[in-house]
Amino acid sequence: MAKRYRMLIDGEWLGDDRIGIEVINPFDDSLIGLVPEATAGDVEAAIVAAGRGYERISALPAHRRAEILEKTAEFILRDKDEIAGIIAREAGKSWKFAIAEAERSAETFKFAAMEAKGSHGDIVPMDASPVSAGRFGFYIRTPIGIIGAITPFNFPLNLVAHKVAPAIATGNAVVLKPATKTPLTSLKLAELLMEAGLPAGALNVLIGSGATVGNRLVEDDRLAMITFTGSPPVGRGIKSRSGLKRVTLELGSNSPTIIEEDGDVDKAVSRCVVGSFANSGQVCISVQRIFVHKKRYDEFLGKFIEATHLLKVGDPFDKTSDIGPMITRKELNRALEWLEEAKKLGAVVAAGGNAFGNCLEPTILTGVTRDMKVMCSEVFAPIVSVLPYETFDEALEMADDSVYGLQAGLYTSDIKKAFTAIKKLDVGGVIINDVPTFRVDHMPYGGNKESGLGREGLKYAMEEMTNIKMVCISI
């Protein structure tokens, strides 16, 4: 008998008597549990509860909100093995990356606690204008209200943390809709937040489709903000239907890495293996396109293939496994279709390319062209393309030839080249001497072009989640 789970509304766990949505282990297709599917009535109840929760959490002093966040971080570390097990089961993430996500999420909450204590406004020099001389001015930051958070499957804890933690830090309430493929991690996090003393209604967790839950949150005027991580088509739909509420969108990429003639090839190989294939390539900033100077191309490709062959694909609970399954058979089949299309158009499989069960071997392609889906779209699978180039300007042009602009990596020992890339690449982050997959949780993170709007990273998300209130005093 599959375990039944409940959703959280106004501090109460509800819905355990419903048939619910099946949560499936993507490695072996076994049934993990049943979660209640939210109805329109549940969405209404959650929004009303969030309104009450906003009154409660916005009234808490900063040190109290920080204490809740600190305790949550402690509880995540206390239960990290259990949490990693949930992530491995429902997301198919290899154990080593699942445990790392749990540890990283604890740090995300710690950063949020720090920022909760340090969030402040600033003095405005009113005497800079003769009209306002004799006045004293400053501004403070205030919470905006109810935030709708819509999160994806690939980081079921840390991407939720990046939306929930800054909201709590700033005194906002949240209605969370986690991915229906991976809701159990969010429910565990909600338990820990309640244990840490979060006021009832400050976090409400609903599980259901975009049509039932997501669209209602996006369109409801009682919400002040939507923060979403997912695909560009859904992001565009959210933007068009959200009215005047604030919107933060993280919409993916086909991240490039450039390896210049003077770059460290061995370091690049080591990091590109992780950046390309971790979590089966199901990472928004996964390395998808690698551009290598023609004088280092053969050296890099040979070492990259050799290192890729050492990766172990299999059961996420096997602690020696590097790569687990794709999230669904449908996604695996899509990746295989894109791979076949590339091969028909002339691409060569230099490594991998085979599937077993729901797993896809780490796959390296050469001979690709810019118009192939594996190059111009987000592949979101363990497939990476390697191309040679002749000049640095050519490499920058190829890297920037994308509708996306999240992060880019560059390996070079030439500081002038580094700053040229920083200036020319239209992306949200340029990572020098590392892959674009690098991210730490207190840095600003977000993209340009179709990669989205706004920035995450605790301090920067908190700015998105607050209003500036100006105070001017005539002396």
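Reading guide: rules and limits
- Residues numbered from 1 in each chain as written.
- Predicted model: local features only at pLDDT ≥ 70, side-chain atom pairs only at ≥ 80, totals over all residues.
- Heavy atoms only, no water.
- Buried < 20%, exposed > 50% of the residue type's maximum accessible area, 1.4 Å probe, protein only.
- Helix = DSSP H or I, 4+ residues; strand = E, 2+ residues; numbered from the N terminus.
- Contact = heavy atoms within 4.5 Å.
- Salt bridge = Lys/Arg side-chain N within 4 Å of Asp/Glu carboxyl O.

## Some points on helix α8 (residues 232-241)
- Here α8 has its buried residues at Pro232, Gly235, Gly237 and Ile238.
- Tucked inside the fold, the buried residues of α8 contact α7 (210-219), β11 (225-229), β12 (246-250) and β20 (404-405).
- Positive phi shows up at Gly243, right after α8, with a value of about 65 degrees.

## A word on the pattern of salt bridges
- Evaluated as defined, the whole model comprises 33 salt bridges.
- Linking Arg334 and Glu331 is a salt bridge whose minimum nitrogen-to-oxygen distance equals 3.0 Å. Taken together, the residues span about one helical turn, with Arg334 and Glu331 both in helix α11 (residues 329-344) at a distance of 3 residues.
- According to the relative accessible area criterion, Arg334 is buried, its value standing at 17%.
- According to the relative accessible area criterion, Glu331 is partly exposed, its value standing at 24%.
- Taking the shortest distance from any N to any O, the salt bridge between Lys449 and Asp400 comes out at 3.8 Å. Taken as a pair, Lys449 in strand β23 (residues 448-449) and Asp400 in helix α13 (residues 392-400) lie far apart in primary sequence, 49 residues in all.
- Judged by relative accessible area, Lys449 falls into the partly exposed class, the value being 35%.
- Each of Arg78, Asp79, Glu82, Lys188 and Glu195 takes part in salt bridges that share partners, so that together they form one network.

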